[in-house]
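Single-letter residue listing:
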There are 2 protein chains.
Amino acid sequence: MTSPPVVDQADQADQVEQVEQPVHRCGALLEHLARRLRLRSESVLAPLGLRPRHLVALTVLRARGGSTQQALASTLEMDGTNVVGLLNDLEAEKLIERRRSPEDRRRHIVELTEAGAERLARAECALAAVEDEVLGALDHDQRETLFSLLQQVATRGVEAACVEADTGSVEAACMAEAAAHDEVPPC
Amino acid sequence: MTSPPVVDQADQADQVEQVEQPVHRCGALLEHLARRLRLRSESVLAPLGLRPRHLVALTVLRARGGSTQQALASTLEMDGTNVVGLLNDLEAEKLIERRRSPEDRRRHIVELTEAGAERLARAECALAAVEDEVLGALDHDQRETLFSLLQQVATRGVEAACVEADTGSVEAACMAEAAAHDEVPPC
DNA sequence: ACTAATCATTGGTCCTGCGTCAATCATCTT
DNA sequence: AAGATGATTGACGCAGGACCAATGATTAGT
């Protein structure tokens, strides 16, 4: 019943076995919250010509200052072909640039442009209002707590993604570092 | 019940810029995280005959012991007709019960059944591995904190939905926020 | 050098979630 | 009695995203 099949990756740092201690599952709540945020984000982002996933992609790109398309796909956990379309959107508006990698000219290195960074900043500014609305039940300290918790998770998640993809661990370090320090958007 | 003071835009703007410490934005973080969680959850939940949104609904129902269908719809921010389908799924498997409200017999009061609570618990147990994988960076206490924060936000949706329905123009709040920050050049 | 594998790209297909509309029935309100 | 409201059903459509196949460019294996 509550016997946790410890199957799967045993190689990972063994987690604290969820014993009889009532560990609540926040998956559903997280999903719910993300959904509510997304619903509002879409309308706010629309005038900027962006959609939520564009924002996620831009955020990742800013965080690591350029990335292989593959690495981006594995971080976003999206199919490669869909990433192409996503990047096409962004490139069409000059928000990103694709350069061929000097080492391996098959690869594309994706980078944020000036316009991209600016657009991202503006979007974040607009989203701040949305977050204020959705997270209205939390006071300032609570939001900071939430943020730091999410940040911990996200940081670790990136490691995991990169490990899975088994690409350069350099990227992992880069992303982890970028996510770790307070990255205050310019607004 | 923190009973947040009814915020009008001016007050809110004042409060937002309260400190020099910037309010961090977790939108993209949340979105990304939720997506990763959902991708894994779906495969885990499938054998149980549940999908993520079912879990969300069950969780909300458990959080408050029973709810009007309308309240549920507004909390989930889903269209009423879609909620009907969702509840049909759940009722078909006896996970919830619909009772007519004694005061207004048009209304349905939705409640978790024994089987529903059990199934939910089992699903959460099954999701343990998934969450451990994604939330591995958090210890027990941190997860509890995260849970309580999320739940606070989630359950607030009841009142918020009504209030926002009347007062809420997201654009207004957005513009107020933007105006407050517009001193910064790039934004 | 020739072949096989890899990356990005395009185009196409399919499924699913979800919003919406229209109609119906039961019930409440006036 | 007449209209408004809640729940329900069925149909339609759109968009996100996964998946597959083929192509061009490039690199790697032998």
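Higher on the page you've got the structure.
Below: a short report on this structure. Keep in mind the model is a prediction, meaning the values are calculated, not measured.

Observations regarding helix H3 (residues 69-76) of chain A
All names here are of chain A.
Then, in step 1: Of all the 8 residues making up H3, 6 are buried; the element is thus mostly covered by neighbouring parts of the structure.
Then, in step 2: All of the buried residues in H3 are Gln69, Ala71, Leu72, Ala73, Thr75 and Leu76.
Then, in step 3: Of the residues trailing H3, Glu77 is marked for its positive phi of about 55°.

With respect to the sheet that holds strand E1 (residues 67-68) of chain B
Residues and elements named next belong to chain B.
Then, in step 1: Here 3 strands make up an open sheet; going across it, the order is E1-E3-E2 and the pairing antiparallel. The sheet terminates laterally at E1 and strand E2 (96-100), the two strands that pair on one side only.
Then, in step 2: One ladder, built from 5 bridges, connects E2 with strand E3 (residues 108-112); its direction is antiparallel. The partner of Arg98 across the bridge, within E3, is Val110.
Then, in step 3: Lying over the sheet, helix H3 (residues 52-63) contacts E1, E2 and E3, oriented at roughly 95° with respect to E3.
Then, in step 4: The sheet contacts of helix H5 (residues 80-92) involve E2 and E3, and relative to E2 the element is tilted by about 115°.

What to know about the protein's contact with DNA strand D
Then, in step 1: Neighbouring DNA strand D are 19 residues, the closest being Arg51 and Arg53 of chain A together with Arg35, Gln69 and Asn88 of chain B.
Then, in step 2: A share of 76% is what sugar and phosphate atoms reach among the atoms of DNA strand D within 4 Å of the protein.
Then, in step 3: Within the side chain of Asn82 of chain A, an N or O atom sits 3.4 Å from a base nitrogen of DNA strand D.
Then, in step 4: Note that a phosphate oxygen of DNA strand D is positioned 2.7 Å from one of the side-chain N or O atoms of Asn88 of chain B.
Then, in step 5: In terms of residue count, H5 of chain B provides more of the surface near DNA strand D than any other element does, 3 residues in total.

Some remarks on the protein's contact with DNA strand C
Then, in step 1: In the region of DNA strand C, 21 residues are neighbours, and Gln69, Arg98 and Arg106 of chain A together with Arg51 and Asn82 of chain B sit closest.
Then, in step 2: Within 4 Å of the protein, the contacting atoms of DNA strand C are 75% sugar and phosphate, with bases supplying the remainder.
Then, in step 3: A distance of 2.7 Å separates a base oxygen of DNA strand C from a polar side-chain atom of Arg106 of chain A.
Then, in step 4: Arg51 of chain B is positioned with one of its side-chain polar atoms (N or O) 2.6 Å from a phosphate oxygen of DNA strand C.

Considering the pattern of salt bridges
Then, in step 1: Counted under the stated rule, the structure contains 21 salt bridges over all chains.
Then, in step 2: Between Arg119 of chain A and Glu93 of chain A there is a salt bridge, with its nearest N and O atoms 2.9 Å apart. Of this pair, Arg119 of chain A sits in helix H5 (residues 114-134) while Glu93 of chain A sits in the loop between helix H4 (80-92) and strand E2 (96-100); the two residues are 26 residues apart in sequence, bridging distant segments of the chain.
Then, in step 3: Residue class for Arg119 of chain A comes out buried when judged on its relative accessible area of 16%.
Then, in step 4: Among the ionic pairs, Asp132 of chain A bridges to Arg143 of chain A, the shortest N-O distance being 2.5 Å. Pair noted here: Asp132 of chain A is in helix H5 and Arg143 of chain A is in helix H6 (residues 140-165), with a separation of 11 residues, a long-range link. There is no split in this pair, since Asp132 of chain A and Arg143 of chain A are both buried.
Then, in step 5: Each of Arg36 and Arg40 of chain A together with Glu77 of chain B takes part in a single network of salt bridges with overlapping partners.

Considerations on the layout of surface pockets
Then, in step 1: One number sums up the size of the second largest pocket: a volume of about 650 Å³.
Then, in step 2: Forming the boundary of the second largest pocket are 26 residues, of which Glu31, Arg35 and Arg38 of chain A together with Glu31 and Arg38 of chain B lie nearest the centre.
Then, in step 3: Taken together, the elements giving at least two residues each to the lining of the second largest pocket come down to helix H1 (27-45) and helix H2 (52-64) of chain A together with helix H2 (27-45) and H3 of chain B.
Then, in step 4: Of the residues in the lining of the second largest pocket, the class split is 12 nonpolar, 2 polar and 12 charged.

Quick word on empty space enclosed by the protein
Then, in step 1: Enumeration over the complete set of coordinates arrives at 5 cavities of 30 Å³ or more.
Then, in step 2: The calculated volume of the second largest cavity comes to roughly 110 Å³.
Then, in step 3: Taken together, 14 residues form the lining of the second largest cavity, with Ser41 and Leu127 of chain A together with Gly27, Ala28 and Glu31 of chain B sitting closest to its centre.
Then, in step 4: At the level of elements, H1, H2 and H5 of chain A together with H2 of chain B are the ones that each hand at least two residues to the lining of the second largest cavity.
Then, in step 5: Looking at the lining of the second largest cavity element by element, the count peaks at 5 residues for H1 of chain A.
Then, in step 6: Looking at the lining of the second largest cavity, its residues break down into 9 nonpolar, 2 polar and 3 charged.

Parameters and conventions
- Residues numbered from 1 in each chain as written.
- Chains lettered and ligands numbered in written order.
- Predicted model: local features only at pLDDT ≥ 70, side-chain atom pairs only at ≥ 80, totals over all residues.
- Heavy atoms only, no water.
- Buried < 20%, exposed > 50% of the residue type's maximum accessible area, 1.4 Å probe, protein only.
- Helix = DSSP H or I, 4+ residues; strand = E, 2+ residues; numbered from the N terminus.
- Pairing = 2+ DSSP bridges.
- Contact = heavy atoms within 4.5 Å.
- Axes fitted to C-alpha atoms, helices over the stretch in contact; angles between N-to-C directions.
- Near = heavy atom within 4 Å.
- Polar contact = N/O pair within 3.5 Å; in protein donor to acceptor, adjacent residues only side chain to side chain.
- Salt bridge = Lys/Arg side-chain N within 4 Å of Asp/Glu carboxyl O.
- 1 Å grid on protein atoms, 1.4 Å probe; cavity = no way out; pocket = protein on both sides within 12 Å on 5 of 7 lines; lining within 4 Å.
- Points joined across faces, edges and corners; volume = space filled by probe spheres on them.
- Nonpolar A, V, L, I, M, F, W, Y, C, P; charged D, E, K, R; others polar.

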